[in-house]
Amino acid sequence: MSDPRVARHMPLLTGGWDRRVCDEFVAAKEERWRRDGLGHWAFLSDGAYAGWGGFQKEGDEWDFGLVLKPECFGLGARIVRKAIGFAIADKRIPYVTFLLPPSRKQLGGLNRLGAAFVGETEYDGAVFLKYRLDTE
């Protein structure tokens with residue numbers, strides 16, 4: 001998350017990324033697991049850390065996010081397809097939302113998945129492009 005190629009697409013990432021911020025971030029993500037029974041995962045490629053992402057409940061909606069190390073950017077489509085398969089099998093998730101920063105320009109993958117553009121939305125003071133994919 002300290003890599004500028006990653007951080008530029010994360011409008012909620014403000015300030016520095018140090019050990020304290022990391023520990024607070026991980027604790028908040030672990031709390032999501034305790035509260036909702038689902039959350040984010042670490043993704044590995046050939047046994048090495050590739051990034052993190054997963055489902056996070058936002059109100060009544062399950063949002064999916066994915067953050068990969070720059071050298072692993074090419075793994076995104078495969079990870080998203082597996083995650084959507086998980087969502088389809090999980091009856092708690094009738095649909096998935098995706099919140100993308102306006103800096104993201106290559107959105108064809110969401111269209112190929114069948115996700116529909118909902119509109120712009122604000123989250124924690126930042127504007128995002130919201131997409132929705134029905135999983136039922």
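Residues numbered from 1 in each chain as written. Predicted model: local features only at pLDDT ≥ 70, side-chain atom pairs only at ≥ 80, totals over all residues. Heavy atoms only, no water.

Notes on the environment of Leu-68
Turning to its location among the elements, Leu-68 is positioned in strand E3 (residues 61-68). For the pair Leu-68 and Gly-51, spaced 17 residues apart in sequence, the C-alpha separation works out to 4.1 Å. (Helix = DSSP H or I, 4+ residues; strand = E, 2+ residues; numbered from the N terminus.)

Quick word on the sheet that holds strand E6 (residues 126-134)
Spatially, the 6 strands line up as an open sheet ordered E1-E2-E3-E4-E6-E5, and their pairing is mixed. Two strands lie at the open edges of the sheet, namely strand E1 (40-45) and strand E5 (116-123), each paired on one side alone. Sheet twist, expressed as the mean angle between neighbouring strand axes with direction ignored, is 30°. Where E1 lies against strand E2 (residues 48-58), 6 bridges are found, and the strand directions are antiparallel. (Pairing = 2+ DSSP bridges. Axes fitted to C-alpha atoms, helices over the stretch in contact; angles between N-to-C directions.)

Some thoughts on the nonpolar core
Formed by 18 residues in total, the largest nonpolar core has its most connected members in Phe-55, Phe-64, Ile-93, Val-96, Phe-98 and Tyr-131. Of all the secondary-structure elements, those providing two or more residues to this core are E3, helix H3 (76-89), strand E4 (95-100) and E6. Of all the elements, H3 adds the most residues to this core, at 4 residues. Among all residues touching Phe-98, those that are not within four sequence positions of it are Asp-63, Phe-64, Ile-84, Leu-110, Ala-115, Leu-129, Lys-130, Tyr-131 and Leu-133. Core analysis: the next-biggest nonpolar cluster, separate from the first, contains 6 residues, Phe-43, Leu-68, Cys-72 and Ile-79 among them. (Core = buried A, V, L, I, M, F, W, Y, C linked by side-chain atoms within 4.5 Å. Buried < 20%, exposed > 50% of the residue type's maximum accessible area, 1.4 Å probe, protein only. Contact = heavy atoms within 4.5 Å.)

Re H3
A rise of 1.5 Å per residue sets the reference length of H3, with its 14 residues, at 20 Å; its end C-alpha atoms lie 20 Å apart and thus fit the reference within 8%. By the burial criterion, the buried members of H3 are Gly-76, Ile-79, Val-80, Ala-83, Ile-84 and Ala-87. Projected down its long axis, H3 carries its buried residues within an arc of 135°, all on one side. Opposite the packed face of H3, turned more than 90 degrees from it, sit the exposed residues Arg-78, Arg-81, Lys-82 and Ala-89. Check the buried side of H3 and you find it contacts E1, E2, E3, E4, helix H4 (108-113) and E6. (Expected span 1.5 Å × (residues − 1). Arc of directions from axis to C-beta.)

Observations regarding the pairing of E6
With 6 bridges joining them, E4 and E6 adopt antiparallel strand pairing. When the sheet's bridge partners are listed, Thr-97 is paired in E6 with Arg-132. What sits between E5 and E6 in their antiparallel hairpin is a turn of 2 residues, with Asp-124 showing a positive phi close to 50°.

So, unusual backbone geometry
The backbone of Asp-46 shows a phi angle near 55°, a positive value even though the residue is not glycine. One can find Asp-46 in the loop between E1 and E2.

Here's the deal with the pattern of salt bridges
This model, assessed by the stated rule, comprises 9 salt bridges. Between Glu-61 and Lys-130 there is a salt bridge; the shortest N-O distance is 2.8 Å. Placement of the pair is Glu-61 in strand E3 and Lys-130 in strand E6, with a sequence separation of 69 residues. Using a relative accessible area of 16% as the deciding quantity, one classes Lys-130 as buried. (Salt bridge = Lys/Arg side-chain N within 4 Å of Asp/Glu carboxyl O.)

Function-wise, these values are silent; they only describe arrangement.
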